[in-house]
Structures are given as C-alpha cells and as structure tokens.
Amino acid sequence: MANIITMPKLGLTMKDGVAAKWLKSEGEAVKAGETILEITTDKLTNELEADQDGILRKILVPEGEKVPCQTPLCIIADADEDISGCLADIEE
Amino acid sequence: MLEKEKVQSLYETMLKIRLFEARVSKCFAKGQVQGFVHLCIGQEATAAGVCANLNQGDYISSTHRGHGHIISKGADIKTMMAELFGKESGYCHGKGGSMHISDTSIGILGANGIVGGGFNLAAGAALACQMKKSGNIVVCFFGDGSSNEGSWHEAMNISSVWKLPILFVCENNLYGISSRVDRSMAVKNVADRAVAYGMKSTVAYGNDVTVVYETAKEAVEYVRSGNGPMLVEYKTYRQHGHFEGEPDVYRSPEEIREWLDQDPIKNCEALIKEKDILTGEERSMLQEKIESEINEAVRFAEESQFPPAALAVKDVYTDIVEEGRVDR
C-alpha cells in the first residue's frame, strides 16, 4: 500500500527536524524496521525506520533541509503502484 | 503448568498492552500525543502476570512507564487514549497525560512522573488496608533505577517494620534512563537489598509470563496471609528508547537483538503453539478484536474535545480541606 512518511515528532519539544542523510535512494527496496533516513534536531540525531516493506518511490525533502514535524518526507509503495493519489494529497 | 484458559487470558492482556503501546508510538510520531510517553513494549509479561493475581479491591502504584500496569489492572483504554491526547474525556480530563493516569475505583493509585514517587503512596495505601483489615494488598511497581532513591529505602524499611501488606515488584530492565544498572548499584540484584530490611525477596525471569504469574501468585499469597511485605524482582528489557523519540545509543545492537529474541509475547506464542492452546486462526481473530478496540479508542480520543480554557486550573490545585485540617 502506498504511504506517505512524515517528519516524526521525536520528544516533547521538537518542532522541526533536518533530513540529514538519506540512507536509501529513490527506487531502492526497503524493509519494515530498516533505517531510511537520519534526522537531526537541536537536541539529537535519530533514525527514521520504514514501517512497511516496499520501494522508496519518492523523496520529497532533500538532504540538509529543515522541515516542520508532520511534513511529508517520502513515499513508500509497491514497485508498480500508482502513487499519484499520494502526490495529490501532498499538493493539497 | 498453568491451565490453558489462564495462559490464554495472560496472552490476551499482553497483546492488548503491546498493540496499545505500538499505536501510541505511531500517534506520538504523528504529534497527536500531548506529553511525554515512556512505552513498556518488551515488559508486558511483568504487568500482566502480576496483576492477574489481584482482586479489584487491591491497589497498585505505578511508574512513568505505567500503561501496562494500568491496562492489566482493568483500566479503560478509551479513557486512557483520550488522556494521552489531552482530551477532556480522559482519566484526568486531559490535564495529566501518560504519567498521571489513575482510577481509584479499581485500585489504580496512579502512574507517577516522579521516579520513586510511588513508594510512600503505596506504603500509605498498605497501611490503610492493614488498619481497615480489608484483606486487600498493594502492589508497588518500580524500576531498578528508583531503588537508588531514598524514598525506596524508607518505604522498604517502614513496610517491613509495620508488616504492611505490600508486594514490591521491581521491573529491572537493566537501565535507569541511559545508565546501566552496574553503574549505579553495587549489588547484583535489587532483591539483594531486601535483606537489609528483613524482607523476603526473590529474583525471577520477567519475559516468561507463566514464570511471572506463578512467582507473583506465591508472593501475593504470602503478603495476603499477613506475613508482611515481600519483594519480587523480574529481569526484563524495554524494546523502545527510554522515552518515545530517544535515539537509544547507549545499548549495543547485540544486546538489543538478544532481548528481542526473548520477546515475552513471542515466548508466550511459542507455548500457545506447543500446547495447542489457540489455533492460528483463533490467534488472528483475537488480534483483530483487540485492534478494533484500539481503533475505537483512537477514534474516541480524536473526536473528544480539549478541556475548555476556563477549566485550566480546575483539579490542579486543592483547597487543602482534607481530614485532620478541617477544624483548624
């Protein structure tokens, strides 16, 4: 199933985070529980894990960019799944 | 060997805790949870196994990692979830969050945001049970780290001197926040310290719910029979960070892997399979049933209102008119 992964809130005071380093590139397969992105905040560095098996179809935030919590970071879906619905949701 | 129905009910409680906590983890990442949460994923067996030996009139005092204890003592997960979301329909009308959930009608004296804050409340409740001769007991849950607090030693001491009906249950998950136990404690077991207070104690494996249930059963009977307090220490492990979002860089991947392999739910599922207690289909039906209860709880929390600003300080301060002060 196609899913949008958003910038998680990690800890009580986090308002935004930096997509510090993508460990997977677009088109690469990911497994549930596998780290896909390193996130840094004022306080800490944390790892974002995929919560499902699939393909990292689209990266929406480039490395080094700081975005508020809940900003869409990427889309994970099956290899040939239509992700236009997800992209439209993000546009809104 | 426990009867099948007992294993099944312990499994159901553990699964409810696991699925509740897993959902809270997701809701926290989505920004829906209003305060800090410390999840007990990996420690379900101690909560479920101990509380299965208690009556409704018995009391528990809990910790900052309290959802498992509270669910096992019979709390309503809708009201719990609403509290985590900061909503008026929650246990503390949305003003307490994860670490203040309490329900005295079923003996839950409260989770506690203060490490070591539950000991003297538990001892006080045990004194009340003793004076009222109610036959009820108190289970005081605590972690390894808090046994270094002065309040723990005070409560251990007075409970033993007064032979209070209290069972101290240590969930030793090997870390007090990021400090490994051997960096903050010179003895091997928390239970070793009970000797200093003339209190009976035992150490057991905390990731097998049948072991927890059996050892707790014996301990609860000992305390309920008027022998005074006892301490049981369970060795266990939390699978998430100290709080949600914590990077957890102080534990080695090997150690984490080793304990993931001893997951209490997997351990119980292996037993269920071996003894043919539930079929695969019955197990997935049970999971679906719990999932739908949790979906309902999240929906209830989402749809509930935040408390109105006018009530911001209601229930927060007291007029101090409790017994003993009224006439002065």
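All values reported here derive from a predicted model rather than from experimental measurement.

**Student:** I tried to follow the overall build of chain B on my own but got confused; where do I start?
**Tutor:** Scanning chain B for helices and strands turns up 10 helices and seven strands. Here the C-alpha radius of gyration of chain B, 20 Å, is about what a compact globule of 328 residues would show, namely 20 Å. If one aligns the C-alpha atoms of chain B with their principal axes, the spans along those axes are about 60 × 50 × 40 Å. Expressed as a percentage of the 328 residues in chain B, the buried residues total 52%. In chain B, 35 side chains carry a positive charge and 45 a negative one; their mean positions are 2 Å apart.

**Student:** Just to check I follow, could you spell out the overall build of chain A for this structure?
**Tutor:** Secondary structure summary: chain A contains one helix and eight strands in total. If you list the helices and strands of chain A from N to C, you get β-β-β-β-β-β-β-β-α. Taking 92 residues into account, the globule formula puts the C-alpha radius of gyration at 12 Å, and chain A, at 13 Å, falls close to it. Principal axes of the C-alpha set define a box for chain A whose edges measure 40 × 30 × 20 Å. By the burial criterion, 40% of the 92 residues in chain A qualify as buried. Pairs at least 24 apart in sequence give 55% of the contacts found in chain A among residues at least 6 apart. For chain A, the accessible surface area stands at approximately 5000 Å², while carbon and sulfur atoms represent 48% of it. Of note, chain A has its 9 positive side-chain charges centred 7 Å away from the centre of its 19 negative side-chain charges.

**Student:** For this particular structure, what's the right way to read the UniProt feature "domain: Lipoyl-binding" (unreviewed entry) in chain A?
**Tutor:** UniProt feature "domain: Lipoyl-binding" (unreviewed entry): in the numbering of this structure it lies at residues 2-77 of chain A. The annotated region residues 2-77 of chain A carries 0% helix and 51% strand content, and the separation between its end C-alpha atoms amounts to 4 Å.

**Student:** Hey, could you run me through the interface of chain B and chain A in this one?
**Tutor:** In many reports, interface size means the accessible area that the parts give up when they come together. Contacts between chain B and chain A engage 14 residues on the former and 11 residues on the latter. Here chain B is connected to chain A by zero salt bridges. Counting across the interface, chain B meets chain A through four residue pairs in polar contact (both at pLDDT 80 or more).

**Student:** Is there a simple way to think about unusual backbone geometry in this case?
**Tutor:** Leaving glycine aside, a negative phi is the common case for residues, and trans is the common case for peptide bonds. Residues and elements named next belong to chain B. For Leu-174, which is not glycine, the phi dihedral falls at a positive 75 degrees. If you trace the backbone, Leu-174 turns up in the loop between β3 (166-172) and β4 (175-176). For Asp-248, which is not a glycine, the phi torsion comes out positive at approximately 55 degrees.

**Student:** Please clarify how the sheet that holds strand β2 (residues 138-143) of chain B should be interpreted in this entry.
**Tutor:** Hydrogen bonds along the backbone pair up the strands of a sheet, which may run parallel or antiparallel. All names here are of chain B. Pairing in this open sheet of five strands is parallel, and the strands run β1-β2-β3-β7-β6 from one edge to the other. Edge strands, defined here as strands with exactly one partner in the open sheet, are β1 (59-61) and β6 (200-205). Strand-to-strand twist across the sheet, computed as the mean angle between neighbouring axes with direction ignored, equals 20 degrees. Looking at chain direction, β2 and β3 are connected through six bridges and run parallel. Residue pairing in the sheet places Cys-140 in a bridge with Phe-168 of β3. Running at roughly 170 degrees to β2, helix α5 (residues 119-132) makes contact with β1, β2 and β3 of the sheet.

**Student:** Honestly, the side chain of B:Arg238 in this entry has me stumped. Any pointers?
**Tutor:** All names here are of chain B. The residue Arg-238 is located in the loop between β7 (230-235) and α8 (253-260) in this model. The buried charged residue Arg-238 lacks any salt bridge partner; its closest oppositely charged side chain belongs to Glu-246, at an N-O distance of 4.5 Å. Here Tyr-250 takes part through its side chain, which lies 3.1 Å from a polar atom of the side chain of Arg-238. Those residues in contact with Arg-238 that lie beyond four places of it in its chain are Ile-41, Gln-43, Arg-65, Asn-173, Tyr-175, Ile-177, Glu-246, Tyr-250 and Arg-251.

**Student:** Which parts of the structure should I look at to understand the environment of A:Ala88?
**Tutor:** All names here are of chain A. Among the structural elements, Ala-88 can be located in helix α1 (residues 84-91). Assessed through its relative accessible area of 38%, Ala-88 is described here as partly exposed. Ala-88 sits 61 residues away from Gly-27 along the chain, and the two C-alpha atoms are 20 Å apart.

**Student:** Before we go on, may I ask you to explain the environment of A:Gly27 in this structure?
**Tutor:** Residue and element names in this part refer to chain A. With respect to the element layout, Gly-27 can be found in the loop between β2 (16-22) and β3 (29-30). Owing to a relative accessible area of 53%, Gly-27 belongs among the exposed residues under this scheme. Note: C-alpha distance between Gly-27 and Leu-48 (21 residues apart in sequence) is 18 Å.

Conventions adopted
Residues numbered from 1 in each chain as written. Chains lettered and ligands numbered in written order. Predicted model: local features only at pLDDT ≥ 70, side-chain atom pairs only at ≥ 80, totals over all residues. Heavy atoms only, no water. Helix = DSSP H or I, 4+ residues; strand = E, 2+ residues; numbered from the N terminus. Rg over C-alpha atoms; globule rule 2.2 N^0.38 Å. Buried < 20%, exposed > 50% of the residue type's maximum accessible area, 1.4 Å probe, protein only. Lys, Arg positive; Asp, Glu negative; His and termini not counted. Charge placed at Lys NZ, Arg CZ, Asp CG, Glu CD. Contact = heavy atoms within 4.5 Å. Areas by Shrake-Rupley, 256 points an atom, 1.4 Å probe, with all protein chains shown as cover. UniProt positions renumbered as here; feature names shortened; annotations may be inferred. Salt bridge = Lys/Arg side-chain N within 4 Å of Asp/Glu carboxyl O. Polar contact = N/O pair within 3.5 Å; in protein donor to acceptor, adjacent residues only side chain to side chain. Pairing = 2+ DSSP bridges. Axes fitted to C-alpha atoms, helices over the stretch in contact; angles between N-to-C directions.

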